[in-house]
Amino acid sequence: MWDEEKAKPESNRRTVGMRQHFVNGLVYCTGDMMHFSQYMEDKAFIFQLFEWSMRGVARVILANNPLSGVLILGALVWASPWQALLGTLGLLTSTLTAVIIGQDSEEVSGGLHGFNGMLVSLLMGVCSSAGDWYWWLLLPVFLGGATSTFLYSGLAPLLDKWDLPVAVFPFNMVILLYLACTGSSNPYYPHHPATPLGELESNATKLSLTQLLQGVPLGVGQIYACEDLGPSVLILGATLLYSPLLGSHALLGSGAGTLIYCQGPGPRSVQKI
């Protein structure tokens, strides 16, 4: 005869076990995932390079998690395959340059020599007015990625004396030099012209509440020059996976910037929808 009282505890144990497995798997994927780095130590170089590169992708937003990097790269492919290709090439170039010139292995494996190259490549694609799949752009992407690593390795010993991080200083230097050496009429590397000094765009805009709310996750996506809502939400999710605290700070910062823009000079109004 079937005993329902004995069957209930068994089903409850299975449910609890499944929940525990889910929680353990989620915890495994959060934080720095250093256990995954230890697992990859004896693997082939190509697999190690993949892990280092994914950490470099996430390092752009101060996360050190390869799974977050995979999600962010997927978001970039979703938004623009061309931009994702440029970012990946810059990332690989800067990382491999660090390996070739013998940079610190912990910094390389932590992705610290990849994110500047990725940012340089993404901004080169955004600033270019030649459109997508303009193959001439690959040359400055490779050079810019490698140069960012040389600048990082040269600036680190100097700034360490004042206990200052190198951060994105190489990226800023390389992209500014690139823009200064090219222009809107350059035959090979044209980019969008900058707004002339003294000329400002009109601030007479009307924002709906929906647009205002969308601006918060879009502000997070703009760190990777991403302008689409869906990929921006995925980037935010990758940040929350690494650290809920970091993700909440990203939301707060983006939200504060959006509100300040709405309250800035010029006639703006917010319409409720």
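Residues numbered from 1 in each chain as written. Predicted model: local features only at pLDDT ≥ 70, side-chain atom pairs only at ≥ 80, totals over all residues. Heavy atoms only, no water.

- In the nomenclature of an unreviewed UniProt entry, the chain corresponds to Urea transporter from the organism Oncorhynchus tshawytscha.
- One UniProt comment on the chain, placed under Subcellular location (unreviewed entry), says "Cell membrane". (UniProt positions renumbered as here; feature names shortened; annotations may be inferred.)

### Some words on the overall build of the chain
- The helix and strand inventory of the chain stands at 12 helices and two strands.
- From first element to last, N terminus to C terminus, the chain shows the α and β order α-α-α-α-α-α-α-α-α-β-α-α-α-β.
- Across the 273 residues that make up the chain, the buried fraction comes to 39%.
- Contacts in the chain between residues at least 24 apart in sequence constitute 68% of all its contacts with a sequence separation of at least 6. (Helix = DSSP H or I, 4+ residues; strand = E, 2+ residues; numbered from the N terminus. Buried < 20%, exposed > 50% of the residue type's maximum accessible area, 1.4 Å probe, protein only. Contact = heavy atoms within 4.5 Å.)

### A look at the packing of helix α3 (residues 45–59) against helix α4 (residues 66–79)
- Where α3 contacts α4, the two axes come as close as 7 Å, and the packing angle between them is 70°. Put simply, α3 runs roughly perpendicular to α4. Residues Phe50, Glu51, Met54, Arg55, Val57 and Ala58 of α3 lie in contact with α4, whose contacting residues are Pro66, Ser68, Gly69, Val70, Ile72 and Leu73.
- Its residues assigned to classes, the contact of α3 with α4 shows eight nonpolar, two polar and two charged. (Axes fitted to C-alpha atoms, helices over the stretch in contact; angles between N-to-C directions. Parallel < 35°, antiparallel > 145°, perpendicular 65-115°, else oblique. Nonpolar A, V, L, I, M, F, W, Y, C, P; charged D, E, K, R; others polar.)

### With respect to the UniProt feature "transmembrane region" (unreviewed entry) in the chain
- The UniProt record marks residues 57–78, 137–155 and 162–180 with the feature "transmembrane region" (unreviewed entry), using the residue numbering of this structure.
- The distance separating the terminal C-alpha atoms of residues 57–78 is 15 Å; by composition the span is 73% helix and 0% strand.
- As annotated, residues 162–180 has a helix share of 63% and a strand share of 0%, and its two end C-alpha atoms lie 29 Å apart.

### As for the nonpolar core
- Counting 37 residues, the largest nonpolar core has Val57, Ile61, Ile72, Met118, Leu137, Tyr224 and Ile235 as its most contacted members.
- Secondary structure elements with two or more residues in this core: α3, α4, α5 (81–100), α7 (115–127), α8 (138–160), α9 (169–181) and α11 (229–242).
- In terms of residue count, the dominant contributor to this core is α7 (six residues).
- With residues up to four places along the chain from it excluded, the contact list for Val57 reads Gly69, Ile72, Leu73, Leu91, Met118 and Tyr224.
- Counting five residues, the second largest nonpolar core, distinct from the first, contains Tyr152, Leu155, Ala156 and Leu159. (Core = buried A, V, L, I, M, F, W, Y, C linked by side-chain atoms within 4.5 Å.)

### Regarding empty space enclosed by the protein
- Applying the stated criterion across every chain yields a total of one cavity of 30 Å³ or more.
- There is about 30 Å³ of room inside the largest cavity.
- If you trace the largest cavity, you find it lined by Ser94, Leu112, His113, Gly114, Asn116, Gly117, Ser148, Thr149 and Tyr152.
- Looking at the lining of the largest cavity, the elements with two or more residues in it are α7 and α8. (1 Å grid on protein atoms, 1.4 Å probe; cavity = no way out; pocket = protein on both sides within 12 Å on 5 of 7 lines; lining within 4 Å. Points joined across faces, edges and corners; volume = space filled by probe spheres on them.)

### A word on the environment of Leu86
- Residue placement: Leu86 occurs in helix α5.
- Taking C-alpha positions, Leu86 is 7.1 Å from Gly125, a pair spaced 39 residues apart along the chain.
- Once residues within four sequence positions are removed from consideration, Leu86 is found in contact with Ser121, Gly125, Leu137, Leu138 and Val141.

### What about the packing of α4 against α5?
- At a minimum axis distance of 5 Å, the contact between α4 and α5 shows a crossing angle of 140°. In terms of axis orientation, α4 runs oblique to α5. Residues Leu73, Leu76, Val77 and Ala79 of α4 pack against Pro81, Ala84 and Thr88 of α5.

### Regarding the environment of Ser68
- Structurally, the position occupied by Ser68 is in helix α4.
- Given a relative accessible area of 0%, Ser68 falls into the buried group.
- Along the sequence, Ser68 and Gly31 sit 37 residues apart, while their C-alpha atoms lie 9.6 Å from each other.
- For Ser68, the contacting residues outside a window of four places in its chain are Ala58, Ala238, Leu241 and Tyr242.
- At 2.8 Å, the side chain of Ser68 forms a polar contact with the backbone oxygen of Ala238. (Polar contact = N/O pair within 3.5 Å; in protein donor to acceptor, adjacent residues only side chain to side chain.)

### A short note on the packing of aromatic side chains
- Tallied over the full model, the rule gives six aromatic pairs.
- Residues Phe45 and Trp52 carry aromatic rings whose centres are separated by 5.8 Å and whose planes lie at 80° to one another, so their mutual orientation is edge-to-face.
- Judged by its relative accessible area of 40%, Phe45 is partly exposed.
- Since its relative accessible area comes to 14%, Trp52 is described here as buried.
- With a centroid separation of 5.1 Å and 55° between ring planes, the pair formed by Trp82 and Trp133 is classed as tilted. Pair noted here: Trp82 is in helix α5 and Trp133 is in the loop between α7 and α8, with a separation of 51 residues, a long-range link.
- On the basis of relative accessibility, which here comes to 43%, the residue Trp133 falls in the partly exposed class. (Phe/Tyr/Trp six-rings, centres within 6.5 Å; stacked < 30°, edge-to-face > 60°.)

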